[in-house]
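Read off the chains here:
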Amino acid sequence: MIHAQGVAEVTDADFDTEVLGERGRPVLVEFTADWCGPCRQLAPVLPVLSAIAAEEAGRLKVVQIDADGNPATVTRYGVLSMPTLLVFRDGEPVRQMVGARAKRKLLQELEEHLAAAVTA
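All values derive from a computational prediction rather than experimental measurement.

Describe in detail the overall build of the protein chain, supporting the description with residues and values.
What the protein chain contains, in helices and strands, is five helices and five strands. Each helix and strand of the protein chain, placed in order from N terminus to C terminus, yields the pattern β-α-β-α-α-β-α-β-β-α. Counting all 120 residues of the protein chain, 46% fall into the buried class. Sequence separation of 24 or more characterises 74% of the internal contacts of the protein chain that already satisfy a separation of 6 or more. Put simply, the protein chain shows about 5,800 Å² of open surface, and 53% of that area lies on carbon and sulfur atoms.

What follows is the structure, given as structure tokens:
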């Protein structure tokens, strides 16, 4: 799996604890796989996830999950395409985005969830 620096990797085993158990700030989960052509094309964009993880650490937790090695979580959330980004808030999925995003676009799409983290 192509890994974004500074972004934790989660698995089927710790997904409930690391993602669903997070309270007070949303969690952005990137589902990815080695076989995924678009995911490999995203390699130059991975610094976007790393930057957002660092810049928004107080308001947003960012993690990655390898779809091939964690089929239970992929099935549980009906992830059919890679890359898929899911936003979880207090244990519930609240937004799904499929495909690559530029940093500005991704931050715009996350803004309502980031704002809620500040006021929560």
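Read on for the rest.
So, the sheet that holds strand S4 (residues 84–89): which residues are in play, and what are the values?
With mixed pairing, five strands are arranged side by side in an open sheet as S1-S3-S2-S4-S5. Looking at the sheet topology across the chains shown, the edges are occupied by strand S1 (8–10) and strand S5 (92–98). Between one strand axis and the next, the sheet turns by 30° as a mean value, whatever way the strands run. Inspection of the sheet shows S4 paired to S5 by six bridges, in the antiparallel sense.

Break down the confidence of the model for the protein chain for me, citing the residues and quoting the values.
With 87% of its residues at a pLDDT of 70 or more, the protein chain shows a mean pLDDT of 87. No element of the protein chain has a lower mean pLDDT than helix H2 (residues 37–41), which averages 64, and none a higher one than helix H1 (residues 15–20), which averages 98.

With reference to specific residues and values, describe the packing of aromatic side chains.
Inspection of the entire model under this criterion finds three aromatic pairs. Consider the rings of Phe 15 and Phe 88, whose centres lie 5.6 Å apart with planes at 75°: the pair is edge-to-face. Here Phe 15 is found in helix H1, whereas its partner Phe 88 is found in strand S4, with 73 residues between them in sequence. With respect to burial, Phe 15 and Phe 88 carry one shared label: buried. Arranged with centres 5.0 Å apart and planes meeting at 85°, the rings of Tyr 77 and Phe 88 form a pair that is edge-to-face. Taken as a pair, Tyr 77 in the loop between helix H4 (71–76) and S4 and Phe 88 in strand S4 lie far apart in primary sequence, eleven residues in all. Each member of the pair, Tyr 77 as well as Phe 88, is classed as buried. Each residue in the set Phe 15, Tyr 77 and Phe 88 is aromatic and connected to the rest through ring pairs, giving one cluster.

Break down unusual backbone geometry for me, with residues and values.
In the segment running from Met 82 into Pro 83, the intervening peptide bond is cis, with an omega of -10°. In this structure, Pro 83 sits in the loop between H4 and S4. Phi at Asp 90 takes a positive value of approximately 50°, unusual for a residue other than glycine. Inspection of the secondary structure assignment puts Asp 90 in the loop between S4 and S5. For Asp 90, a relative accessible area of 40% puts it in the partly exposed group.

Just give me the short version of the pairing of S4, but keep the residues and values in it.
Extensive coverage of S4 is indicated by the burial of six of its six residues. Here S4 shows no split at all, with Thr 84, Leu 86 and Phe 88 on one side and Leu 85, Val 87 and Arg 89 on the other all buried. Counted between consecutive antiparallel strands, the loop separating S4 from S5 contains two residues, among which Asp 90 sits at a positive phi close to 50°.

Procedures and definitions
Residues numbered from 1 in each chain as written. Predicted model: local features only at pLDDT ≥ 70, side-chain atom pairs only at ≥ 80, totals over all residues. Heavy atoms only, no water. Helix = DSSP H or I, 4+ residues; strand = E, 2+ residues; numbered from the N terminus. Buried < 20%, exposed > 50% of the residue type's maximum accessible area, 1.4 Å probe, protein only. Contact = heavy atoms within 4.5 Å. Areas by Shrake-Rupley, 256 points an atom, 1.4 Å probe, with all protein chains shown as cover. Pairing = 2+ DSSP bridges. Axes fitted to C-alpha atoms, helices over the stretch in contact; angles between N-to-C directions. pLDDT = per-residue confidence, 0-100. Phe/Tyr/Trp six-rings, centres within 6.5 Å; stacked < 30°, edge-to-face > 60°.

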